Amino acid sequence: MEKKNELKADFIEVTVKGSLKTEHDFQSADGRLGLLKMNGLITEGTFQGVDGLSIHFKKTSLLKAQYELDQEGVKLGSAKPAKALRKALSLELEGKSFSLVPGKLLTRTWNLLNSEGSPICELKPRGVLKRGAVIQILSPVELKLLVFAYCLVTKRWQEESSAS
């Protein structure tokens with residue numbers, strides 16, 4: 001049985017406009033999926049899907065990399081640094097566990113894995129002079145999980161850019 005908001009497309013491209021307040025447009029081969037509006041100063045954003053999905057992403061700790069995803073004020077999931085790897089994040093969404101881990105050395109690629117360690121999708125930058133991401137979907141994934149992973153990866157990319 002197919003879940004609502006479950007994606008099976010091969011690639012999703014996310015394009016970005018703006019600087020401090022940004023708009024991230026999610027596009028698949030089948031058309032637009034939705035728009036994520038992020039406020040970089042306070043690290044929060046709202047995704048509005050074309051199918052009516054509305055979710056809110058926010059950083060919950062000023063000093064720690066801890067994040068939450070909610071829908072209409074109800075917490076759907078959270079993310080925090082994984083214990084084993086400092087850069088990796090462990091995610092929980094609607095009672096299910098996931099991991100977000102960096103890809104190969106010297107790339108800015110990230111991989112979203114399920115609780116068994118199987119890949120769900122790979123997120124990589126669109127290009128050197130292009131902001132946003134190309135997301136390769138490797139197994140069916142719910143849109144809200146994909147958006148949550150994208151938000152977390154963009155925060156990691158921002159941290160990497162400011163550190164260098």
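About the thresholds
- Residues numbered from 1 in each chain as written.
- Predicted model: local features only at pLDDT ≥ 70, side-chain atom pairs only at ≥ 80, totals over all residues.
- Heavy atoms only, no water.
- 1 Å grid on protein atoms, 1.4 Å probe; cavity = no way out; pocket = protein on both sides within 12 Å on 5 of 7 lines; lining within 4 Å.
- Points joined across faces, edges and corners; volume = space filled by probe spheres on them.
- Helix = DSSP H or I, 4+ residues; strand = E, 2+ residues; numbered from the N terminus.
- Nonpolar A, V, L, I, M, F, W, Y, C, P; charged D, E, K, R; others polar.
- Pairing = 2+ DSSP bridges.
- Axes fitted to C-alpha atoms, helices over the stretch in contact; angles between N-to-C directions.
- Contact = heavy atoms within 4.5 Å.
- Buried < 20%, exposed > 50% of the residue type's maximum accessible area, 1.4 Å probe, protein only.
- Disulfide = S-S within 2.5 Å.
- Salt bridge = Lys/Arg side-chain N within 4 Å of Asp/Glu carboxyl O.

A. Examining the layout of surface pockets more closely. Approximately 450 Å³ is the volume found for the largest pocket. The wall of the largest pocket is formed by 23 residues, among which R131, G132, T154, W157 and Q158 lie closest to the centre. Among the elements of the structure, β3 (21-28), β4 (31-39) and α1 (143-163) are those that each provide at least two residues to the lining of the largest pocket. Considering every element that reaches the lining of the largest pocket, the biggest residue donor is α1, with six residues. Grouping the constituent residues of the lining of the largest pocket by class yields eight nonpolar, ten polar and five charged.

B. Fine view of the sheet that holds strand β2 (residues 11-18). Here we have twelve strands rolled up into a closed barrel, ordered β2-β3-β4-β5-β6-β7-β8-β9-β10-β11-β12-β13, and antiparallel in their pairing. Here the average twist between neighbouring strands, direction ignored, is 20°.

C. Spotlight on the side chain of T43. Looking at the element boundaries, T43 is found in the loop between β4 and β5 (44-49). Other than its neighbours up to four places away in sequence, T43 contacts F57, K58, K59, Y67 and K155.

D. How the structure looks around the pairing of strand β13 (residues 132-137). Taking burial as the measure, the six residues of β13 include five buried ones, the bulk of the element. When β2 meets β13, the two strands line up antiparallel, connected through five bridges. The residue bridging I12 from the neighbouring strand is I135, located in β13. Two successive antiparallel strands, strand β12 (residues 119-125) and β13, enclose a turn made up of six residues.

E. View of the state of the cysteines. Taken as a whole and assessed by the stated rule, the structure comprises zero disulfides. Unpaired in terms of disulfides, C121 finds its nearest cysteine sulfur in C151, a separation of 12 Å. On the basis of relative accessible area, C121 is assigned to the buried category, the value being 0%.

F. Structural context of the pattern of salt bridges. Under the criterion given, the structure shown has four salt bridges. Among the salt bridges present, the one from D25 reaches R32, with a minimum N-O distance of 2.7 Å. R32 sits in the partly exposed class, given a relative accessible area of 39%. In this structure, the salt-bridge partner of E68 is K75, at a minimum N-O distance of 3.8 Å.

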